[in-house]
Amino acid sequence: HHPCIADGHDNLGLLYRVRAKALALQQRPAHATTMLDKSMRHLKRARTIRQYLYGLDHPSVAKSEVSLCRSQVTWKE
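An account of the accompanying structure is given in this report.

## Comments concerning the overall build of the chain
Then, in step 1: In terms of helices and strands, the chain carries three helices and zero strands.
Then, in step 2: From first element to last, N terminus to C terminus, the chain shows the α and β order α-α-α.
Then, in step 3: In terms of overall size, the chain behaves like a compact globule, its C-alpha atoms giving a radius of gyration of 13 Å where 77 residues would be expected to give roughly 11 Å.
Then, in step 4: When the backbone C-alpha atoms are referred to their principal axes, the chain occupies close to 40 × 20 × 10 Å.
Then, in step 5: Within the chain, counting contacts between residues at least 6 apart in sequence, those at least 24 apart form 65% of the total.

If you want it as structure tokens, here you go:
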């Protein structure tokens with residue numbers, strides 16, 4: 001576990017979320033759902049690594065939680 005690995009997962013999660021939004025706008029819901037699922041997996045992995053490294057109350061863990069919440073909101077849009 002290393003902070004750079006968490007950052008990499010976070011970046012991938014954000015990219016997949018942007019791609020999901022674009023696919024949803026193109027009326028391709030099945031593909032959008034797949035991208036959102038990938039986004040959530042990467043963001044959860046980033047959160048898990050940060051929790052392991054820093055503990056539950058660290059600001060970087062909170063950042064991961066915010067990213068996860070934003071992806072969950074995208075699911076509902």
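## Overview of helix H1 (residues 3–25)
Then, in step 1: Compared with an ideal rise of 1.5 Å per residue, which puts 23 residues at 33 Å, H1 spans 33 Å between its outermost C-alpha atoms and is within 8% of the ideal.
Then, in step 2: One or two steps after H1, the chain reaches Gln27, where phi turns positive at roughly 65°.

## A word on the side chain of Ser67
Then, in step 1: One can find Ser67 in helix H3 (residues 59–76).
Then, in step 2: With residues up to four places along the chain from it excluded, the contact list for Ser67 reads Asp10, Leu14, Arg17 and Leu43.

## Description of the environment of Gly55
Then, in step 1: Within the element layout of this structure, Gly55 appears in the loop between helix H2 (29–54) and H3.
Then, in step 2: Assessed through its relative accessible area of 24%, Gly55 is described here as partly exposed.
Then, in step 3: The spacing of Gly55 and Val18 is 37 residues in sequence and 28 Å in space, taken between C-alpha atoms.
Then, in step 4: Not counting residues up to four positions away in its chain, the partners in contact with Gly55 are Arg50 and Val61.

## So, unusual backbone geometry
Then, in step 1: Unusually for a residue other than glycine, Gln27 sits at a positive phi of about 65°.
Then, in step 2: The exposure class of Gln27 is exposed, given its relative accessible area of 67%.

## Looking at the pattern of salt bridges
Then, in step 1: In total, this model carries five salt bridges according to the counting rule given.
Then, in step 2: The salt bridge involving Arg50 is made with Asp7; its shortest N-O contact spans 2.6 Å. Of this pair, Arg50 sits in helix H2 while Asp7 is found in helix H1, placing the two residues 43 residues apart along the sequence.
Then, in step 3: Judged by its relative accessible area of 35%, Asp7 falls in the partly exposed class.
Then, in step 4: When the shortest N-O distance is used, the salt bridge between Arg41 and Asp37 registers 3.8 Å. With Arg41 and Asp37 both in helix H2 and four residues apart, this pair spans about one turn of that helix.

Cut-offs used in this document
Residues numbered from 1 in each chain as written. Predicted model: local features only at pLDDT ≥ 70, side-chain atom pairs only at ≥ 80, totals over all residues. Heavy atoms only, no water. Helix = DSSP H or I, 4+ residues; strand = E, 2+ residues; numbered from the N terminus. Rg over C-alpha atoms; globule rule 2.2 N^0.38 Å. Contact = heavy atoms within 4.5 Å. Expected span 1.5 Å × (residues − 1). Buried < 20%, exposed > 50% of the residue type's maximum accessible area, 1.4 Å probe, protein only. Salt bridge = Lys/Arg side-chain N within 4 Å of Asp/Glu carboxyl O.

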